[in-house]
Amino acid sequence: MKYVAVTACPTGIAHTYMAAEALEQAAKDAGDELQVETQGSAGSTPLGAETIRDADAVIFAADVGVRDRDRFAGKPVVEAAVKQAINDAPGLLARAAEAAREPVADPGGPQAEDAEPALASKVEAGSGFGSRLRQWLMTGVSYMIPFVAAGGLLIALSFALGGYQIIDAPPVTEQFDAASLTDWAALANQIGSAAFEFLVPVLAGFIAFAIADRPAIAPGFVGGAIATTVGAGFLGGLAAGLLAGAVIAGLNRVKVPRGIAGIMPVVVLPLVGTLVVGVLMFVVIGKPIALAMAGLTDWLTGLSGANAALLGALLGAMIAFDMGGPINKVAYTFAVGGLSIGGTTSLEIMAAVMAAGMVPPLALALASAVRGSLFTPAERANGRTAWLLGASFITEGAIPFAAADPLRVIPSTVVGAAATGALSMTFGATLRAPHGGIFVTPLVGNPLPYLAAIVLGVLVSAAAVLLAKRLGRPVDPAPQAAGTAVSA
Amino acid sequence: MTTELITQDLVDLDLAGDDRPAVVRDLAQRLVADGRVTDLEAFLADIDAREAQMPTGLEGGIGIPHCRSAAVTTPSLAFGRSRSGVDFRAADGPADLIFLIAAPEGGGDEHMTVLSALARRLVRAEFKQALRDASDPAALAAYISEEVAP
């Protein structure tokens, strides 16, 4: 067996170290491997991420809070008072061995909410690549969710206060009157937009962090920022994060002379990693995306005379596919471009696009509300804000769900959004505003069928997500244990 | 810093007192006499405060009253052996080996490493046996210093 332990006592002078010694001796006697992190006053050397990953179980012998506890999320944990470790270390090891054999915490158990911080950490507990990949993605997502909430709610607020035209307001640095509600709305919008700028970089940065620790943060963030620059959206961000993590993990294996080893994590790895990721993101991903977007736009323009329901379904699917990514942008720009031309068809397209864009966050809010057990606590929390984001046509509200589980979530949202797009076109709903969601309903022609189209799409998507989440669950116990640890 | 953590003046192989406060006061007075603790009462108050958080008695006949205190100038260790045993509220009865550990406020440097080394030794049977068998304070102080040397 391999164990890791953390010992900590109130003064950090004596018991911390006695417990560490007792555990080490007991492990030696039992032929187990054990590494202890003593969180005492003599300074503590943190356990390496790999050591933690390889451990079968974790022992906390602590009378005070264990620092950075989230590093151990997903691991079987045995907790005891410091003195128990000193007085009966073999007994504690036996408990740890038992815990290692049992699957981690049952989902929805009493500690369900306690497991929450687990998400906010780098975790590499799972054995299979699939479950590790899921944990990497969840790590990135859990750090992104606060940005979605802060930015999304501020933007929604700005629409509520200032109407959809608020996005065209001049920068508040040029014009801000504290007595003007509109200016406050513009301020909220611009702060929210600033927060949204971080979505993809934070996602990519922390996915990379989850894979390869601190040195991967810079390449991940920069890769994510480039994904935004080249318009690759959150899928580009996922790619950037995984790429950065892989590059740093690879570079970590290179043996370097002692003299350089010291500056590897803070200088060499971030520099080389950022360079590699940056080149790949700009050249390999950025260029093709730009070309594809241009091609897609031409193709859409050529479709203008096509069957209305079909066009609505197509646009709806595109809007929901990557939520702010290139395909979404093409569809949205196509719709907004039509507004300047005017004409009923253009207004119908705008209505279909906005209705479809509201579906993914609303559907996931609904799904996570009715079947919470299929989602992680972080996702459920995000689900609560997603109601308002969806209602405000902030499709990004669904990104945390999609980024965490793209293969199940994206097809589900696409189906419902396509249905909504087709229905909205069929019903002949029209819209003159390019943004604003529920707040611009007064500007909608045929509002009731329009709302019905949204509701139907939401129901379709929510049902599809729940089905997909259930169908695709892994059956073998190991990944399931890791999966439940995350979702517990 | 050349000051030893423990010297023969800080070793009492036959403690007179038979309750915790008396024994701790005895050992603390040795620290005061050696110029390692400036204010006896303040130091004892800090010791009591730590003791109140959780008793420092350990199974196997060990008591380790300890604290960080502004009254401490030098990280120090006083050792006392009690014939009758002193109750440090360990689960298995009184302690005959008592280490008074005095750490300065805001410590965190190499001296703490020394104290942590001592703490580690305390769970080793052979270390405890040597403490019980010792007959010469100077030799014992040297032995402890050597054991906990970084």
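In this text the structure is predicted, and so the values were computed from the model without any measurement.

## Side note on the overall build of chain A
Along the backbone of chain A there are 20 helices and 6 strands. Counting contacts in chain A only where the partners sit at least 6 residues apart, residues at least 24 apart contribute 74% of the total.

## A closer look at the overall build of chain B
Per the secondary structure count, chain B includes 5 helices and 6 strands. Along chain B, from the amino end to the carboxyl end, the secondary structure elements read β-α-α-β-β-β-β-β-α-α-α. A buried classification covers 47% of the 150 residues belonging to chain B. Long-range contacts, defined here as pairs at least 24 residues apart, represent 69% of the contacts in chain B between residues at least 6 apart.

## Considerations on the sheet that holds strand β1 (residues 2–8) of chain A
Residues and elements named next belong to chain A. Here we have 4 strands laid out as an open sheet, ordered β2-β1-β3-β4, and parallel in their pairing. Strand pairing shows two members of the sheet lacking a second neighbour, β2 (33–38) and β4 (77–80), which therefore form its edges. Each neighbouring strand pair of the sheet contributes to a mean axis angle of 20°, computed without reference to strand direction.

## Digging into the packing of helix α6 (residues 129–162) of chain A against helix α8 (residues 199–212) of chain A
Residue and element names in this part refer to chain A. One can describe the packing of α6 onto α8 by two numbers: an axis separation of 7 Å at closest approach and a directional angle of 145°. As for the relative orientation of α6 and α8, their crossing is right-handed in sense. Judged by residue contacts, Gln 135, Trp 136, Leu 137, Thr 139, Gly 140, Val 141, Tyr 143, Met 144, Phe 147 and Val 148 of α6 engage Leu 199, Val 202, Leu 203, Ala 204, Phe 206, Ile 207, Phe 209, Ala 210 and Ile 211 from α8. Looking at the contact of α6 with α8, its residues break down into 16 nonpolar, 3 polar and no charged.

## Focus on the environment of A:Phe176
Residue and element names in this part refer to chain A. By secondary structure assignment, the location of Phe 176 is in the loop between α6 and α7 (181–196). Note: C-alpha distance between Phe 176 and Leu 187 (11 residues apart in sequence) is 8.0 Å. Phe 176 has contacts with Asp 183 and Leu 187, leaving out every residue within four places of it along the chain.

## Describing the interface of chain A and chain B
Listed per partner, the contact involves 18 residues of chain A and 21 residues of chain B. At the level of secondary structure, the elements contributing two or more residues to the side of chain A that touches chain B comprise α1 (15–30) and α3 (82–87) of chain A. For the side of chain A that touches chain B, the element with the most residues is α1(A), which contributes 6 residues. A per-class count over the side of chain A that touches chain B returns 9 nonpolar, 7 polar and 2 charged.

## Notes on unusual backbone geometry
In this model, A:Phe393 sits at a positive phi of 60°, which is unusual for a non-glycine residue. By secondary structure assignment, the location of A:Phe393 is in the loop between α16 (377–391) and α17 (399–404).

## A few points about the confidence of the model for chain A
Confidence in the prediction for chain A averages 85 pLDDT; 90% of positions are at 70 or higher. For residues 105–127 of chain A, every residue scores under 50 in pLDDT, and the model assigns this stretch 62 contacts once sequence neighbours within four places are set aside.

## As for the pairing of strand β5 (residues 76–86) of chain B
Residues and elements named next belong to chain B. Pairing analysis gives 2 bridges linking strand β1 (residues 11–12) to β5, with the strands arranged parallel. Counterpart to Val 11 in the pairing with β5 is Phe 79. Two elements, β5 and strand β6 (residues 95–104), share 7 bridges in a ladder whose sense is antiparallel. Within the sheet, the bridge partner assigned to Arg 81 lies in β6 and is Leu 97.

## Examining the confidence of the model for chain B
Residue and element names in this part refer to chain B. Confidence along chain B averages 86 in pLDDT terms, with 93% of residues attaining 70 or more. Per-residue pLDDT, averaged within each element of chain B, yields its smallest value for helix α3 (residues 110–121) (74) and its largest for helix α1 (residues 20–33) (94). Two numbers describe this predicted complex: its pTM, 0.57, and its ipTM, 0.75.

## A word on α1(A)
Residues spaced three or four apart along an α-helix face the same direction, because each turn holds 3.6 residues. Residue and element names in this part refer to chain A. The end-to-end C-alpha distance of α1, which contains 16 residues, comes to 22 Å, matching closely the 22 Å that a straight helix rising 1.5 Å per residue would cover. For α1, every residue scored as buried is listed here: His 15, Thr 16, Tyr 17, Met 18, Ala 19, Ala 20, Glu 21, Ala 22, Leu 23, Ala 26 and Ala 27. Where α1 terminates, the next one or two residues include Gly 31, which has phi positive at roughly 75°.

## Quick notes on the environment of A:Ala313
All names here are of chain A. In this structure, Ala 313 sits in helix α13 (residues 308–322). Classification of Ala 313 as buried rests on a count of 25 C-beta atoms within 10 Å. The spatial distance from the C-alpha of Ala 313 to the C-alpha of Ala 418 is 4.0 Å, given a sequence separation of 105 residues. Sequence-distant contacts of Ala 313, defined by excluding residues within four places in its chain, comprise Ala 418, Gly 421 and Ala 422.

## A closer look at helix α14 (residues 326–341) of chain A
Residue and element names in this part refer to chain A. The terminal C-alpha atoms of α14, which comprises 16 residues, lie 23 Å apart, in line with the 22 Å expected from a rise of 1.5 Å per residue. For α14, the full list of buried residues reads Pro 326, Ile 327, Asn 328, Val 330, Ala 331, Tyr 332, Phe 334, Ala 335 and Gly 338. Where α14 is buried, its residues touch α10 (233–252), α12 (264–302), α13 and α15 (344–370). Within two residues after α14, Gly 342 carries a phi angle of roughly 80°, on the positive side.

## Details of the pairing of β2(A)
All names here are of chain A. With 6 bridges connecting them, β1 and β2 associate as parallel partners. Directly across from Lys 2, in β2, lies its bridge partner Glu 33. Once you follow β1 into α1 and on to β2, the crossover reads as right-handed.

## Let's talk about the environment of A:Asp29
Structurally, A:Asp29 is set in helix α1. Residue classification places A:Asp29 among the exposed residues on the basis of 11 C-beta atoms within 10 Å.

Reading the values: the criteria
- Residues numbered from 1 in each chain as written.
- Chains lettered and ligands numbered in written order.
- Predicted model: local features only at pLDDT ≥ 70, side-chain atom pairs only at ≥ 80, totals over all residues.
- Helix = DSSP H or I, 4+ residues; strand = E, 2+ residues; numbered from the N terminus.
- Contact = placed C-beta atoms within 7 Å.
- Buried ≥ 20, exposed ≤ 12 C-beta atoms within 10 Å, placed from the backbone.
- Pairing = 2+ DSSP bridges.
- Axes fitted to C-alpha atoms, helices over the stretch in contact; angles between N-to-C directions.
- Left-handed = near helix turned anticlockwise from the far one by under 90°.
- Nonpolar A, V, L, I, M, F, W, Y, C, P; charged D, E, K, R; others polar.
- pLDDT = per-residue confidence, 0-100.
- Expected span 1.5 Å × (residues − 1).
- Right-handed = clockwise from strand over helix to strand, strands pointing away.

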